[in-house]
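Below, each chain spelled out in residue letters.
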Amino acid sequence: MDSDADHDVVIVGAGAAGIGAARTLAGRGLKLLLVDALDRIGGRAHSIRFGDWAVDLGCGYLHSAERNGWAAIGEGLGFTIDRSDPGWDRQYRDLGFPAEDQREAGAAFDAFVARLRADPPASDRAADALLPGSPWNAYAEALSAYINGTDLAQVSVRDYLAYDAAASEANWRVREGYGALIGAALPEGIAVRLGCPVTTIDHGGPVIRLETDAGTIRAARVIVTVPTSVLASGALAFRPALDDRREAAAALPLGLADKVFLAVDRPGEVPCDVHLIGNPHSAETGSYQLQPMGLPLVEGFFGGRAAAMIERIGQAGAAAFAIEELAALLGNDIRDRLTPLGGSAWAATRWIEGSYSHAMPGMADRRAALAAPVDDRIFFAGEACSASDFSTAHGALDTGIAAARAALATLLPSPFSPPPPDR
Ligand SMILES: Cc1cc2nc3c(=O)[nH]c(=O)nc-3n(C[C@H](O)[C@H](O)[C@H](O)COP(=O)(O)OP(=O)(O)OC[C@H]3O[C@@H](n4cnc5c(N)ncnc54)[C@H](O)[C@@H]3O)c2cc1C
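Residues numbered from 1 in each chain as written. Predicted model: local features only at pLDDT ≥ 70, side-chain atom pairs only at ≥ 80, totals over all residues. Heavy atoms only, no water.

### A short note on helix α9 (residues 304-330)
- For α9, with 27 residues, the first-to-last C-alpha span of 25 Å runs short of the 39 Å given by 1.5 Å per residue.
- If you look at α9, its biggest bend is around 125 degrees, right at glycine 314.
- Immediately downstream of α9, the backbone of glycine 331 shows phi near 100 degrees, a positive value. (Helix = DSSP H or I, 4+ residues; strand = E, 2+ residues; numbered from the N terminus. Expected span 1.5 Å × (residues − 1). Bend = angle between axes of the 7 residues up to and from the residue.)

Structure below.
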C-alpha cells in the first residue's frame, strides 16, 4: 500500500459490479473498502418482499443464463434457480393479439434486426432501419423500450448488434430474488460504508483522495462502478477532471424501465407464468407476467416512454393503468381481484436515475473509452463498461471482476502472487 493511503482498494458503488470486484479482491490480505451512496447494497439489483414473496424492483432475469456468472454463484450460495421459459414470445390465449398478428409482428421485428445486420443505416440510428408506414413500428418501439429503455432513434445499431450477437435465449429466474442473490454474494469481512456518496475523486497526488460528506477516504487504487448518469452529471467529479469519461458516460445514458406489482385474489383461477403484452399496437404499453414462478401476483414491466409515464403519474396511477390494460384483455371481473402492491421509480432514485445504458447513435466505442483505466490507479466497471453484455447484472459482474484483476495486477506484480479466483 502507498504509505499514506488508508486502503489498498476502495470500490465506489455496491451494485453487481462493485460486489463482483469485492469478491475478486477479498481474501488476499488487502485493505478494502466498499462505499455506496444509498443506505443499502445492490444498486439496481434490489429484491423486496411482499409477505412471503420475493420480487425484484430491478434485475429479475438471468439473461444469457448458460454463461451468466451469477447463476453459478447463486447455486453455490443455495439460491433456487428457476430455468423455466418465461414465455415472452407467446400472448396468453392470443388475447388482444391474434395468432396471425403475433406472427406478423414477430416477423416484422426479425426483419428489422436482419436489416440492421445486413444493411446498417449510415447514421447508426436504429430507427432509420424501420420501414416507413409499417403497421408494426409501434411494436418494434415497444420492444426497444423494454430492451433499451428508450426509443430506437436513441439507439446505436452497432451497440445493439453487439448485445444481440452475444445474448442467448435462456432467461432464468431466482426464486428468492436476483437482488437478494447479488447482495448475498458480498464476501464476508469486507468493510462497507453505506449512505456515503463520494463527490470528488482527487487523483492529483500520490494517494487518491475520495471526498465524502463524512470526510476524506485515502486509497492507493479506486474502482469506480457508479451508473453513467452520475458520471455524466458530475455528481461524482474527478480532480484533475476526466473530461473523456464524462463525455463517454453522456454518450451512454441510462434508458428507463420500471415495474408495477399487483396482488392476485383467488390465484387458483388465474394461469401461472403466462405473458401478456397490453396493447401490441402501442409503444406505450405494459408487458405483464401473470403469477411469475407461481407467485400470486402480476408483474408489470414498462420501458422507455411508458416507464416515464408510470413515474409521472405515481404508483397509484401506474397500478390503475396496468389494471386498465389487463381488464381490456382478461375482462372486467379481473379489476376487483387485483390489488396494487407497489413498484419501482428508477429515474427518481437518487444516485441511480435510470435503468440501464444504451449507446447513442455513433457512440458504441464509448464503452471501451469509459472502461479504460486511468494511470493504472483508477479502474472503471459497471454494466455500461461491458462491450456486449451491457445493461445486465452479469455484464456488470464481469466488468467488476475484470477491473479488480487489473487493479490487482498493479498491486501484486509478483509472478508468485495467487491467481485470481475464477469468479
Ligand atoms: C427495472 C429494471 C429491470 C432490469 N432487468 C434486468 C434483468 O432482468 N436482467 C439483468 O441482467 N439486468 C436487468 N437490469 C439491469 C441491471 O439491474 C443492471 O445492469 C445492474 O444491476 C447494474 O449494476 P452496476 O453495478 O453496474 O450498477 P448499480 O447497480 O447501479 O451500482 C452502482 C452503485 O453506485 C452507487 N453510487 C452512485 N453514485 C455514487 C457515489 N457518488 N458515491 C458512492 N456510490 C455511488 C449507487 O447507489 C449504486 O448502488 C434491470 C434494471 C432495471 C432498473
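There is more to say after this.
### Looking at the layout of surface pockets
- The volume enclosed by the second largest pocket comes to roughly 150 Å³.
- Around the second largest pocket sit Tyr92, Arg93, Leu95, Glu269, Val270, Pro271, Leu330, Asp333, Ile334 and Arg337, which together line it.
- Grouping the constituent residues of the lining of the second largest pocket by class yields six nonpolar, no polar and four charged. (1 Å grid on protein atoms, 1.4 Å probe; cavity = no way out; pocket = protein on both sides within 12 Å on 5 of 7 lines; lining within 4 Å. Points joined across faces, edges and corners; volume = space filled by probe spheres on them. Nonpolar A, V, L, I, M, F, W, Y, C, P; charged D, E, K, R; others polar.)

### Observations regarding the packing of helix α3 (residues 99-118) against helix α4 (residues 137-147)
- Where α3 contacts α4, the two axes come as close as 10 Å, and the packing angle between them is 65 degrees. Viewed along their axes, α3 and α4 adopt a mutual orientation that is roughly perpendicular. Read as a crossing pair, α3 and α4 show a hand that is right-handed. Contacts between α3 and α4 involve Ala105, Gly106 and Phe109 on the former and, on the latter, Tyr139, Ala140, Leu143 and Ile147.
- Tallied by class, residues from the contact of α3 with α4 come to six nonpolar, one polar and no charged. (Axes fitted to C-alpha atoms, helices over the stretch in contact; angles between N-to-C directions. Parallel < 35°, antiparallel > 145°, perpendicular 65-115°, else oblique. Left-handed = near helix turned anticlockwise from the far one by under 90°. Contact = heavy atoms within 4.5 Å.)

### With respect to the side chain of threonine 225
- Tracing the backbone shows threonine 225 in the loop between β11 (215-224) and α7 (228-233).
- Engagement of the side chain of threonine 225 in a polar contact is seen with the backbone oxygen of glycine 13, the distance being 3.1 Å.
- In this structure threonine 225 touches Ile11, Val12, Gly13, Ala17, Gly18, Ala381 and Gly382, once residues within four positions along its chain are discounted. (Polar contact = N/O pair within 3.5 Å; in protein donor to acceptor, adjacent residues only side chain to side chain.)

### Structural notes on the nonpolar core
- Core analysis: the largest hydrophobic core is formed by 65 residues, its most contacted members being Val12, Ile201, Leu210, Val224, Leu236 and Leu262.
- With 11 residues, α9 is the single largest residue contributor to this core.
- Here this core spans two domains, since at least three of its residues come from each of domain 1 (7-41 + 186-252 + 359-411) and domain 2 (92-169 + 256-348).
- Grouped together as the second largest cluster of nonpolar side chains are 42 residues, Val9, Ala71, Ile81 and Ala393 included. (Core = buried A, V, L, I, M, F, W, Y, C linked by side-chain atoms within 4.5 Å. Buried < 20%, exposed > 50% of the residue type's maximum accessible area, 1.4 Å probe, protein only. Domains from an automatic or database assignment.)

### A look at the site of the ligand
- In the vicinity of the ligand there are 38 residues, among which Asp36, Arg44, Tyr61, Val198 and Ala393 approach most closely.
- At 3.1 Å from an oxygen atom of the ligand is found a main-chain nitrogen or oxygen belonging to alanine 16.
- Note that a nitrogen atom of the ligand is positioned 2.8 Å from one of the backbone N or O atoms of tyrosine 61.
- Protein chains bury 99% of the 1000 Å² of accessible surface belonging to the ligand in isolation.
- For the shell around the ligand, the secondary structure elements donating two or more residues are α1 (16-25) and α11 (393-411).
- Looking at the shell around the ligand residue by residue, the class counts come to 23 nonpolar, 12 polar and three charged.
- For the shell around the ligand, the domains that each give at least three residues are domain 1 (7-41 + 186-252 + 359-411) and domain 2 (92-169 + 256-348). (Near = heavy atom within 4 Å. Areas by Shrake-Rupley, 256 points an atom, 1.4 Å probe, with all protein chains shown as cover.)

### Side note on empty space enclosed by the protein
- What the rule picks out here adds up to three cavities of 30 Å³ or more.
- Approximately 130 Å³ is the volume attributed to the largest cavity.
- Lining the largest cavity are 13 residues; nearest its centre among them are Asp56, Gly60, Arg173, Met293 and Glu299.
- When contributions to the lining of the largest cavity are tallied by element, the ones reaching two or more residues are β4 (53-56) and β7 (172-174).
- Considering each element in turn, the lining of the largest cavity owes the most residues, three residues, to β4.
- Considered class by class, the residues forming the lining of the largest cavity number eight nonpolar, two polar and three charged.
- Quantified by volume, the second largest cavity comes out at close to 60 Å³.
- Looking at the second largest cavity, it is lined by 13 residues, and the ones nearest its centre are Val226, Leu370, Ala381, Gly382 and Ala384.

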